[in-house]
Amino acid sequence: MTIPKTILFGWWMLLSLLLPLAWSGEPPLRGTGDLGVIIERSAGRILIVDTSGNNVIGRVDGLGDLSHASVVFSRDQRYAYVFGRDGGLSKVDILRGALEKRIVQGGNSIGGAISQDGRLVAVANYEPGGLKVFAADTLEPVADIPATYGDGKLSKVVGIADLPGDRFIYSLFDADQIWIADLRDPKSPKVEKFNGIGRAPYDGLVTPDGRYYLAGLFGEDGIALLDTWQPQRGIQRILASYGQGEQKLPVYKMPHLRGWAVAGHQVYLPAIGHHEVLVADTLSWKETARIPVRGQPVFVVARPDGRQVWLNFAFPDNGFVQVIDTLTGRIIQTLEPGKAVLHLEFTPRGEAVWVSARDDNRVVVYDTANFAKLAELPAASPSGIFFTSRAHRIGF
Amino acid sequence: MRPRRWSFKRSPLDARSTREGVFFVGSQQIRLLIWLASGLLCGSLVLADELPTPSLERSRELIRMVRQDCGSCHGLTLRGGLGPALLPEALRDKPPAGLKYTILFGRPGTAMPPWKPFLSEAEADWIVAQLLRGFPEESK
């Protein structure tokens, strides 16, 4: 039996039409609002993930030392700026899965922030202590603000966050100061300094409205609070009972502070050394509760709707994750996602949470309504998880 | 209680990464005591090489612990972070016994916690010896 020539010709036409499409390599159009990145900290690599499909869609290598790496996003949610411990600043195109540009801007850095208008990326450095500011599009240097104190010493910079008005606020670990750098005119930045805020600020957060800056203190009890709407009022010391207290307990990992601590009108703070979460009212700044938890909390993160607060712990309780119901102030769930849980991140509206378990080389995705495991993704020593929804939040 | 200070001679690198006046208020008596203690310990540390080295599995755990958990303050590469660098050149002029004591008992008044609940003395000795010769990488 022979195949009629017309049918053969038809097949040929079809193939010749389809093949170029398959080979052209042009990915289908998509948005980036449901994407994010996961740091593979010992591999110097990030995974690009899709929170709608719960899967890994790309990998980008060559980002240097990513221990304690953090990420901010461009306002179009296409570019991730990755701050590495080695002073590296990398701009990654998460849509194409490609490293756009990488510079090494310092010797030892801790994190960074992106300005309100999205044009400036600021890096907080331990070494040399200070702030460096770069153009977000080209990573060309724009401003260098050494954290000078005393007789010319440089302080490590911690707790950086963006403030409205293209300003950055941060703390000087060695100098007990809070600085606000105003970069509306990037060529001549103005710096406002607040002295004697308390000993050894270790991290800071800006409330989601961009109004208050809270610096946690390692050297003494309490939290330094600055109302950035009324900076002339100076630093207030709040939560005098927050800290290591009379009996100083060893701290196996510094807690992290960020605007995610605020749920409704309450802020949930990791106690230092103690197995507690401190709750304070964001109007009166008075303590309202102390919630006993499994270990020393590191990340205490409110689900975007504020109904739940999830937390992980320092060594040796770092295999656990607990969930607080903010209505009752009680622990309602204890999970064991794997060994050495380093970080957790909610999807934009919080129906799911992604948790990294470093020593089990996996990231676990949970349904936050019923705590069911939705997915498990292999990752090499995963640490930080960052979703593009951060792009539109003040203080991230 | 005022924070006190260990008796290490500070190298320029150390001085850069510590907080003067906050974490390091000197107390002569304590300093003397620690000097004496480190002297005694130095004697026992000479024997460290003869101490049993940890099993292969345990040494893997220790390497992971130093790289990852100590690394959260001192950096994964141990080049320093909030805590000072732990590279051989940064530690060379510090008495090994003092280093061991710092690991086991922490440094009061600083962020350095005591690791004694998780380590034996012999394991702390082993970690000090490894740090001084350049700490091993984690095996994959």
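The shown structure was predicted, so the numbers you read here are calculated from the model rather than taken from an experiment.

Looking only at helices and strands, one finds 1 helix and 34 strands in chain A. Taken against the 2.2 N^0.38 rule, which gives 21 Å for 396 residues, the C-alpha radius of gyration of chain A at 23 Å falls within 12% of a compact globule. Within chain A, buried positions represent 52% of all 396 residues. In chain A, the share of contacts with a sequence separation of at least 24, taken over all contacts with a separation of at least 6, comes to 44%.

Residue and element names in this part refer to chain A. Read across the sheet, 4 strands follow the order 4-5-6-7 without closing on themselves; strand pairing throughout is antiparallel. A strand with exactly one partner marks an edge of an open sheet, and here the two such strands are strand 4 (70–73) and strand 7 (98–104). This sheet shows a mean twist of 20° between the axes of neighbouring strands, independent of strand direction. Of the strand pairs in this sheet, strand 4 and strand 5 (residues 79–83) are connected by 4 bridges, and their pairing is antiparallel. In the sheet register, serine 70 faces strand 5, and the bridge partner there is phenylalanine 83.

We now examine the environment of lysine 286 of chain A. All names here are of chain A. Residue position: lysine 286 is located in the loop between strand 24 (276–281) and strand 25 (287–292). When the 9 C-beta atoms within 10 Å are taken as the criterion, lysine 286 is described as exposed. For the pair lysine 286 and isoleucine 331, spaced 45 residues apart in sequence, the C-alpha separation works out to 22 Å. The contact partners of lysine 286, leaving out residues within four places of it in the chain, are Ala280 and Asp281.

Contacts between the two partners involve 23 residues from chain A and, on the opposite side, 19 residues from chain B. Of the residues that constitute the side of chain A that touches chain B, the class distribution is 10 nonpolar, 5 polar and 8 charged.

With that settled, consider the pairing of strand 8 (residues 108–114) of chain A. Residue and element names in this part refer to chain A. Of all 7 residues that make up strand 8, 7 are buried, and the element is covered over most of its length. Pairing analysis gives 6 bridges linking strand 8 to strand 9 (residues 120–127), with the strands arranged antiparallel. Within strand 9, the residue paired with glycine 111 across the bridge is alanine 124. Here strand 8 folds back onto strand 9 in antiparallel fashion, the turn holding 5 residues, of which glycine 118 has a positive phi close to 80°.

A few words now on the nonpolar core. Residues and elements named next belong to chain A. Formed by 141 residues in total, the largest nonpolar core has its most connected members in Ile46, Tyr81, Ala261, Tyr268, Val277 and Val355. In terms of residue count, the dominant contributor to this core is strand 9 (6 residues). Apart from residues no more than four positions distant in its own chain, valine 277 is found in contact with Tyr268, Leu269, Pro270, Ala271, Ile291, Val293, Pro297, Val300, Leu311 and Ile324.

Okay, the environment of proline 304 of chain A next. Residue and element names in this part refer to chain A. Locating proline 304 in the fold gives a position in the loop between strand 26 (297–302) and strand 27 (308–313). By the C-beta count within 10 Å, which is 18 here, proline 304 ends up partly exposed. Proline 304 sits 100 residues away from glycine 204 along the chain, and the two C-alpha atoms are 20 Å apart. Leaving out residues up to four positions away in the same chain, proline 304 has contacts with Phe346, Pro348, Arg349 and Gly350.

With that out of the way, let us pick up the confidence of the model for chain B. Residue and element names in this part refer to chain B. Averaged over chain B, the pLDDT score is 74; the fraction of residues at 70 or greater is 62%. Here residues 1–29 is a poorly scored stretch, pLDDT under 50, and it has 46 contacts once near neighbours within four places are set aside; other chains count. Here the predicted complex carries an ipTM of 0.72, next to a pTM of 0.84.

Residues and elements named next belong to chain A. Buried residues dominate strand 9, accounting for 7 of its 8 residues. Both strand 9 and strand 10 (residues 129–135) contribute to a ladder of 7 bridges, which runs antiparallel. Counterpart to tyrosine 126 in the pairing with strand 10 is glycine 129. Hairpin connection, strand 9 to strand 10: the antiparallel pair is bridged by 1 residue.

All names here are of chain B. A bend of about 30° at methionine 65 is the largest found in helix 3 (residues 56–74). Looking at helix 3, one finds that the buried residues are Val66, Arg67, Gln68, Cys70, Gly71, Ser72, Cys73 and His74. Here the buried face of helix 3 lies against helix 6 (121–133). Glycine 75 lies just past helix 3 and shows a positive phi near 90°.

Parameters and conventions
Residues numbered from 1 in each chain as written. Chains lettered and ligands numbered in written order. Predicted model: local features only at pLDDT ≥ 70, side-chain atom pairs only at ≥ 80, totals over all residues. Helix = DSSP H or I, 4+ residues; strand = E, 2+ residues; numbered from the N terminus. Rg over C-alpha atoms; globule rule 2.2 N^0.38 Å. Buried ≥ 20, exposed ≤ 12 C-beta atoms within 10 Å, placed from the backbone. Contact = placed C-beta atoms within 7 Å. Pairing = 2+ DSSP bridges. Axes fitted to C-alpha atoms, helices over the stretch in contact; angles between N-to-C directions. Nonpolar A, V, L, I, M, F, W, Y, C, P; charged D, E, K, R; others polar. Core = buried A, V, L, I, M, F, W, Y, C linked by C-beta atoms within 7 Å. pLDDT = per-residue confidence, 0-100. Bend = angle between axes of the 7 residues up to and from the residue.

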